[in-house]
Amino acid sequence: MKRALLIIAAAILALAIAACEKEPEARARSTVLDFVKELRSEGTIELDNYLILNELVRENAENVYTYNDSLSVSENIEQFRELFEPNGRVRRLWTQKQIIVGESEVLGDTAYVEVSFIDREERRQFYNKMGLKRTDEGWKIFAFKLL
């Protein structure tokens, strides 16, 4: 009887540990899902809730934003923010496509979340990984294009 209880307790502990290990992946993925949901809304997005703007603005990701050295960091961030306004160029471009948020992987305080943009008219899929960092406020995106 004691042996059976010990085996059951060990199994429960193993399941609890496995669940705890998956929790950061789920939270990182949830951040990306919430950001995509906001993109599809009609209102203004509180970008600071989802993005690390100081890093994204310098990413120089093709089709997103190229950092302008003649402007201050804050001016670059303001131009970057405009891209995600309801009629902003990037927001319109991304929401014209089907966005699929896939698997996530966590390595320490960094997470990688698979994101595919599918253009149904051209029958093309753009596969990518977004990078997130764990902050005091939760997971935030620091890079849109890691592939």
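All of these numbers come straight from a predicted model, not from anything done at the bench.

A. View of the layout of surface pockets. The calculated volume of the largest pocket comes to roughly 310 Å³. Lining of the largest pocket is provided by 14 residues; of these, Asn63, Trp94, Phe117, Phe126 and Lys145 occupy positions nearest its centre. Counting residues per element, the ones that place at least two in the lining of the largest pocket are helix H4 (89–95) and strand E3 (124–135). If one sorts the elements of the lining of the largest pocket by residue count, E3 sits on top with four residues. Grouping the amino acids of the lining of the largest pocket by side-chain chemistry returns nine nonpolar, two polar and three charged.

B. Focus on the side chain of Arg91. As for its placement among the helices and strands, Arg91 is situated in helix H4. Within the buried set, Arg91 has no salt-bridge partner at all; the shortest N-O distance to an opposite charge, 6.0 Å, is to Glu38. Once residues within four sequence positions are removed from consideration, Arg91 is found in contact with Glu38, Leu39, Ser41, Glu42, Gly43, Thr44, Ile45, Leu83, Phe84, Glu85 and Pro86.

C. Layout of the packing of aromatic side chains. This structure, assessed with the given rule, holds 10 aromatic pairs. With a centroid separation of 5.8 Å and 50° between ring planes, the pair formed by Phe35 and Tyr50 is classed as tilted. Here Phe35, found in helix H1 (residues 2–40), pairs with Tyr50, found in the loop between H1 and helix H2 (53–56); they are 15 residues apart in sequence, far enough to count as distant. According to the relative accessible area criterion, Tyr50 is buried, its value standing at 13%. Taking 5.9 Å as the distance between ring centres and 40° as the angle between the ring planes, the aromatic pair formed by Phe84 and Phe144 counts as tilted. Linking Phe84 in the loop between helix H3 (73–82) and H4 with Phe144 in the segment after strand E4 (138–143), this pair joins segments that are 60 residues apart in sequence. In textbook terms, an aromatic cluster arises when at least three aromatic residues are bridged by ring pairs, as seen for Phe35, Tyr50, Tyr65, Phe80, Phe84, Trp94, Phe117 and Phe144. A cation over an aromatic ring shows up here: Lys133 above the ring of Phe142, its NZ or CZ 5.1 Å from the ring centre.

About the cut-offs
- Residues numbered from 1 in each chain as written.
- Predicted model: local features only at pLDDT ≥ 70, side-chain atom pairs only at ≥ 80, totals over all residues.
- Heavy atoms only, no water.
- 1 Å grid on protein atoms, 1.4 Å probe; cavity = no way out; pocket = protein on both sides within 12 Å on 5 of 7 lines; lining within 4 Å.
- Points joined across faces, edges and corners; volume = space filled by probe spheres on them.
- Helix = DSSP H or I, 4+ residues; strand = E, 2+ residues; numbered from the N terminus.
- Nonpolar A, V, L, I, M, F, W, Y, C, P; charged D, E, K, R; others polar.
- Buried < 20%, exposed > 50% of the residue type's maximum accessible area, 1.4 Å probe, protein only.
- Lys, Arg positive; Asp, Glu negative; His and termini not counted.
- Salt bridge = Lys/Arg side-chain N within 4 Å of Asp/Glu carboxyl O.
- Contact = heavy atoms within 4.5 Å.
- Phe/Tyr/Trp six-rings, centres within 6.5 Å; stacked < 30°, edge-to-face > 60°.
- Lys NZ or Arg CZ within 6 Å of the ring centre and 35° of its normal.

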